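Chain and residue survey
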Amino acid sequence: MPFPRNKATRKNYKDTQYLWYMGHKEGKTELQIEMTASVNGQTLIAELPRIVNQTMIEAAIDYGRKAGWTPDQAAPPFRCKYLRGQFTRLED
């Protein structure tokens, strides 16, 4: 699913601006995050539970950055899943 930039919300987190969009795909809640300033940077795609709160967006960014997400470089999407209170990496 392409990132719908026209429907995305801006978030400034730790002095970096991100665009995020939450939608539903195949019965799952899916969060997509990109760094605003990067061109063709890696997108973080996180599967979330039905009930979502705003802190999950920040937690996804923190997890992704620690686990190797590079939003300032071109790469296939970084996929992860929120399960039992924490994020885990999904391999393609």
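Scroll up for the structure.
Residues numbered from 1 in each chain as written. Predicted model: local features only at pLDDT ≥ 70, side-chain atom pairs only at ≥ 80, totals over all residues. Heavy atoms only, no water.

Turning next to the sheet that holds strand β2 (residues 16–25). Within a sheet, adjacent strands bond to each other through the backbone by hydrogen bonds, running parallel or antiparallel. Strand order in the open sheet formed by six strands is β1-β2-β3-β4-β5-β6, and the pairing between neighbours is mixed. The sheet is open, and its two borders are formed by β1 (9–13) and β6 (86–89), each paired with just one other strand. Mean inter-strand twist for the sheet, computed between neighbouring axes without regard to direction, equals 30°. For β1 and β2, the ladder comprises five bridges, and the chain directions are antiparallel. In the sheet register, asparagine 12 faces β2, and the bridge partner there is glutamine 17. Across the sheet, helix α1 (residues 55–67) lies against β1, β2, β3 (28–35), β4 (44–48), β5 (78–83) and β6, angled at about 40° from β6, the strand it touches most. (Pairing = 2+ DSSP bridges. Helix = DSSP H or I, 4+ residues; strand = E, 2+ residues; numbered from the N terminus. Axes fitted to C-alpha atoms, helices over the stretch in contact; angles between N-to-C directions. Contact = heavy atoms within 4.5 Å.)

Turning next to the pattern of salt bridges. Summed over the entire model, instances satisfying the criterion amount to four salt bridges. Two residues, lysine 11 and glutamate 58, come together in a salt bridge whose shortest N-O distance is 3.1 Å. In this pair, lysine 11 is assigned in strand β1 and glutamate 58 in helix α1, connecting sequence segments 47 residues apart. Judged by its relative accessible area of 17%, lysine 11 is buried. Of the charged contacts in the structure, one is a salt bridge between aspartate 62 and lysine 14, with a shortest N-O distance of 3.2 Å. A residue pair is termed long-range when its members are at least 10 positions apart, and aspartate 62 in helix α1 and lysine 14 in the loop between β1 and β2 qualify at 48 residues. The network of salt bridges with shared partners includes Lys28, Glu47 and Lys81. (Salt bridge = Lys/Arg side-chain N within 4 Å of Asp/Glu carboxyl O. Buried < 20%, exposed > 50% of the residue type's maximum accessible area, 1.4 Å probe, protein only.)

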